[in-house]
Amino acid sequence: MNGDDDMRAEYDFSTGGVVGKYYERYQQGTNVVLLDPDLLEEFPDSESVNQTLRRVLRERRKRRGKSSAASTSRK
């Protein structure tokens, strides 16, 4: 393999491939989020991240509801 060649001789693409195999899936959007190593200990999978984010959103909505109710009762 010379310095200008990126492909190894043992790679065999003669069996064909599917052009655009993941095109439709990609068009639906991607949502990959990379976590820092210290967060991986607490959030080892998507489910744990999603549960925590839902809790945070619920709490935020509760606080917003209380603050808007408090501001209207002062008027």
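In what follows, the accompanying structure is described. It should be emphasised that the depicted structure is a prediction, and the values quoted were computed from it without experimental measurement.

What follows covers the overall build of the chain. The helix and strand inventory of the chain stands at three helices and zero strands. Reading the helices (α) and strands (β) of the chain from amino to carboxyl end gives α-α-α. A buried classification covers 1% of the 75 residues belonging to the chain. Counting only carbon and sulfur atoms, one obtains 50% of the accessible surface of the chain, whose full area is about 7,800 Å².

Regions of empty space are outlined by a rolling probe, equal in size to a water molecule, passed over the atoms. Here the largest pocket defines a volume of roughly 260 Å³. Together, Asn-31, Val-33, Leu-35, Phe-43, Pro-44, Asp-45, Ser-46, Val-49, Asn-50, Thr-52, Leu-53 and Val-56 line the largest pocket. Considered class by class, the residues forming the lining of the largest pocket number seven nonpolar, four polar and one charged.

Moving on, we get to the environment of Ser-46. Along the chain, Ser-46 turns up in helix H3 (residues 46-74). Taking the relative accessible area as the measure of exposure, Ser-46 reaches 55% and is therefore exposed. Distance in space between the C-alpha atoms of Ser-46 and Val-33 is 9.8 Å, their sequence separation being 13 residues.

Criteria and cut-off values
- Residues numbered from 1 in each chain as written.
- Predicted model: local features only at pLDDT ≥ 70, side-chain atom pairs only at ≥ 80, totals over all residues.
- Heavy atoms only, no water.
- Helix = DSSP H or I, 4+ residues; strand = E, 2+ residues; numbered from the N terminus.
- Buried < 20%, exposed > 50% of the residue type's maximum accessible area, 1.4 Å probe, protein only.
- Areas by Shrake-Rupley, 256 points an atom, 1.4 Å probe, with all protein chains shown as cover.
- 1 Å grid on protein atoms, 1.4 Å probe; cavity = no way out; pocket = protein on both sides within 12 Å on 5 of 7 lines; lining within 4 Å.
- Points joined across faces, edges and corners; volume = space filled by probe spheres on them.
- Nonpolar A, V, L, I, M, F, W, Y, C, P; charged D, E, K, R; others polar.

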